[in-house]
Amino acid sequence: MTVELGQPSAHVAEVVMNRPDVLNALSTDQVRRLGETARKLAVDDQVSVVIISSALDRAFCVGADLKERRGVSDDDLGRQRRVFQEAFDDLRALGVPMIAAVEGFALGGGFELALSCDLIIASTTATFGLPEVGLGLIPGEGGTQLLPRRIGLNKAADLLLTGRRVGADEGLSLGFVDRLVPEGRARSEALVLAKQIATKSPISLRAAKRALNKGFDVDLAAGLEIENSAWEEAAFSIDRREGIEAFNQRRTPQWPSWEVSGR
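Residues numbered from 1 in each chain as written. Predicted model: local features only at pLDDT ≥ 70, side-chain atom pairs only at ≥ 80, totals over all residues. Heavy atoms only, no water.

## Observations regarding the sheet that holds strand β8 (residues 127–129)
No. 1: One open sheet accounts for 4 strands, arranged β4-β6-β8-β9; its pairing is mixed. Looking along the sheet, the strands with just one partner apiece sit at the ends: β4 (59–61) and β9 (166–167). (Pairing = 2+ DSSP bridges. Helix = DSSP H or I, 4+ residues; strand = E, 2+ residues; numbered from the N terminus.)

## Section: the packing of helix α5 (residues 143–151) against helix α6 (residues 153–162)
No. 1: Relative orientation of the contacting elements α5 and α6 amounts to 135°, with a least axis distance of 7 Å. One way to sum up the angle between α5 and α6 is to call them oblique. Helix-helix and strand crossings are classified by hand; for α5 and α6 the assignment is right-handed. Contacts from Gly 143, Thr 144, Leu 147, Pro 148 and Ile 151 of α5 reach α6 at Leu 153, Lys 155, Ala 156, Leu 159 and Leu 160.
No. 2: Residues that form the contact of α5 with α6 fall into these classes: 7 nonpolar, 2 polar and 1 charged. (Axes fitted to C-alpha atoms, helices over the stretch in contact; angles between N-to-C directions. Parallel < 35°, antiparallel > 145°, perpendicular 65-115°, else oblique. Left-handed = near helix turned anticlockwise from the far one by under 90°. Contact = heavy atoms within 4.5 Å. Nonpolar A, V, L, I, M, F, W, Y, C, P; charged D, E, K, R; others polar.)

## Considerations on the packing of aromatic side chains
No. 1: Taken as a whole and judged by the stated rule, the model has 4 aromatic pairs.
No. 2: The ring of Phe 84 has Arg 69 sitting right over it, with the charged end atom 5.4 Å from the ring centre. (Phe/Tyr/Trp six-rings, centres within 6.5 Å; stacked < 30°, edge-to-face > 60°. Lys NZ or Arg CZ within 6 Å of the ring centre and 35° of its normal.)

## What about the packing of helix α1 (residues 28–42) against helix α3 (residues 74–92)?
No. 1: Packing of α1 against α3 leaves a shortest axis separation of 8 Å and a crossing angle of 30°. Judged by the angle between their axes, α1 and α3 are roughly parallel. The crossing of α1 and α3 is left-handed. Within the contact between the two elements, α1 uses Thr 28, Val 31, Arg 32, Leu 34, Gly 35, Ala 38 and Arg 39 and α3 uses Gln 80, Val 83, Phe 84, Ala 87, Asp 90 and Leu 91.
No. 2: Tallied by class, residues from the contact of α1 with α3 come to 7 nonpolar, 3 polar and 3 charged.

As structure tokens, then:
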């Protein structure tokens, strides 16, 4: 099994990559399993937060499995490309917050997998890079689009055009690493953060993520319309009354949207 799906805590799911022999290199089968897992999570209304992590200390994911690509025809490469695109699209389409917990190498498609998440928690061992231009390629799973949206065009160009590797401390300085933690603590700290997020209204979390993602690169007027639509979804939902009552009663909310799901 190359991808494992667990429930480490209430309303938190963890996707764990585990191909130790190749440091979680992304084979076609590995990526297909990631896509299948994303589609399962998309219809699980009990999940509020998803963590993507690795069972390995040395690597989060070192990118595409280039041994698998050796000698393939253009047609075969095109077919594999569609598998990768569909799986990454499914991951990015998840409506709930996603957290990448990065230990060790996050290179190429591995870096893009982390960038597909809303937050990146990296340990001091983490190393990031997009080396594709040195292989006759360019990043193809969102790297040229996701990275500049996080750190700006010129800083992204520095990493994309040189293919150089950067440590977690530089990643934090550049702005694509959100929290830097000690060695070996990325998964545990991601779980702490995920549990914190999962206490919030599930309806509000989905609405907030949608407003952030859809409104980021549009003009202000369009962005405010997107925000208003998301606000209405949350404010007129069954969770809003409970949230206000719990605040005034100084207690933890018991979100009725969980009960409506029937589980």
